[in-house]
Amino acid sequence: MPRVVVFSGAGISAESGLKTFRDSDGLWEEYSIMDVATPEAWKRDPELVLRFYNERRKQMRQALPNPAHFAIVKLASHMPVDVITQNVDDLHERAGSASVLHLHGELAKVRSEIYPEPLYDPVNDVINLGDLCERGTQLRPHVVWFGESVPMIEPASQLVSQADILIIVGTSLNVYPAAGLVHSAPYGCRKILIDPAEHNTGNVFRLQHIRENAGTGLPRIVDELIAGFISENA
Ligand code: APR
């Protein structure tokens, strides 16, 4: 049975109404990364950082999974599927995906600004300045900021190294180390990128780029994979 890894980025949640980062109307047009998504920003103006992520969390709660998230769940009913996402939203989980690895953290969780663990649920779904962990330190969003390490990259790379099919969806592949995961795929792995934008993927061996939105492209590819699997095993 083929093992599938889906590697998703902000584009998979775009049709759920959540903004991507680098598209023309993306979050990094409205905000500066340096102001809201770095340890330096947190030191300089934690209130602004908290406001930014409180707003992201609020928008996430209002959003619903779209056909792309549900297509992955459908695929997983036929073959083993692991999702690796750069997204901090919970739409994969809410669609019903059971195996979701968050590379860049989760909006639904908060932690101490000093201790990496434990993770907490945000009280009333927001973090305010003065909200403390059990050990008395300020709480921060459980997200990976620019300049911070990505602790989940090793387990993610392990998953990709065992994939027969790698589906990359809705990511500009601009941010490392996440963007380098594709190079962990084994030689024979089938690689499919679903994203409407042009990508410079010349250095990725045999990558099929489907220039389509996730909400239409992914359900179509999933149906093709399921049909192929069923006919091979008939
Ligand atoms: N369907 C599929 N892809 C889409 C859609 C859609 N409907 N709409 C936009 N996209 C694509 C864009 O073409 C683009 O390639 O989604 C991609 C979004 O790219 P980015 O905004 O760069 O998002 P992402 O790749 O997830 O960013 C990586 O950067 O800022 C950090 O931590 C943040 O995890 C994030 C990381």
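Below you will find a few notes about this structure.

Procedures and definitions
- Throughout, residues of each chain are indexed from 1 in the direction in which the sequence is written.
- Confidence filtering applies because this is a predicted model: local features only for residues at pLDDT of at least 70, side-chain atom pairs given and counted only at 80 or more, and all residues used for totals across whole chains, interfaces and linings.
- The side-chain values count all of the structure's non-hydrogen atoms but skip hydrogen atoms and water molecules.
- Going along the chain from the N terminus, every DSSP run of H or I of four or more residues is numbered as a helix, and every run of E of two or more is numbered as a strand.
- By this rule the span expected of a helix is its residue count minus one, scaled by 1.5 Å.
- Relative accessible area decides the class of each residue, using a 1.4 Å probe on protein chains only: under 20% of the type maximum gives buried, over 50% gives exposed, and in between gives partly exposed.
- Should any heavy atoms of two residues lie within 4.5 Å, those residues are counted as being in contact.
- The definition of a nonpolar core used throughout is a set of buried Ala, Val, Leu, Ile, Met, Phe, Trp, Tyr and Cys residues joined through side-chain atoms within 4.5 Å.
- As used here, the arc is the angular range of directions from the helix axis to the C-beta atoms.

## Description of helix H8 (residues 214-232)
Next, step 1: The end-to-end C-alpha distance of H8, which contains 19 residues, comes to 26 Å, matching closely the 27 Å that a straight helix rising 1.5 Å per residue would cover.
Next, step 2: What H8 keeps buried is the set Ala214, Gly215, Gly217, Leu218, Ile221, Val222, Leu225, Ile226 and Phe229.
Next, step 3: Contact partners of the buried residues in H8: helix H5 (67-76), strand E6 (165-169), strand E7 (190-194) and strand E8 (207-210).

## Digging into the nonpolar core
Next, step 1: Residues Val4, Val6, Leu75, Ile167, Ile194 and Leu218 are the most contacted members of the largest nonpolar core, which totals 23 residues.
Next, step 2: Elements represented by at least two residues in this core include exactly strand E1 (4-8), H5, strand E2 (81-85), E6, E7 and H8.

## Remarks on helix H7 (residues 153-161)
Next, step 1: Inspection of H7 places Ala156, Ser157, Leu159 and Val160 among the buried residues, and these make up the whole buried set. Take H7 and look down its axis: the buried residues cluster within an arc of 160°, on one side only.
Next, step 2: Those residues of H7 that are buried lie in contact with E1, E2, strand E3 (100-102) and E6.

## Looking at unusual backbone geometry
Next, step 1: Here the amide bond leading from Glu117 into Pro118 is cis, since omega sits at 0°, within 30 degrees of zero.
Next, step 2: Counting through the fold element by element, Pro118 comes out in the loop between strand E4 (105-112) and strand E5 (139-143).
Next, step 3: The omega torsion across Tyr176 and Pro177 is 10°, close enough to zero to call that bond cis.
Next, step 4: As for its placement among the helices and strands, Pro177 is situated in the loop between E6 and E7.
Next, step 5: Residues other than glycine seldom take positive phi values, yet Asn124 does so here, at roughly 55°.
Next, step 6: Relative to the elements of secondary structure, Asn124 occurs in the loop between E4 and E5.
Next, step 7: Residue class for Asn124 comes out exposed when judged on its relative accessible area of 71%.
Next, step 8: Positive phi values are uncommon outside glycine, yet Asp125 reaches one of about 70°.
Next, step 9: Mapped onto the fold, Asp125 is located in the loop between E4 and E5.

Note that all results are geometric; they support no functional claim without further evidence.
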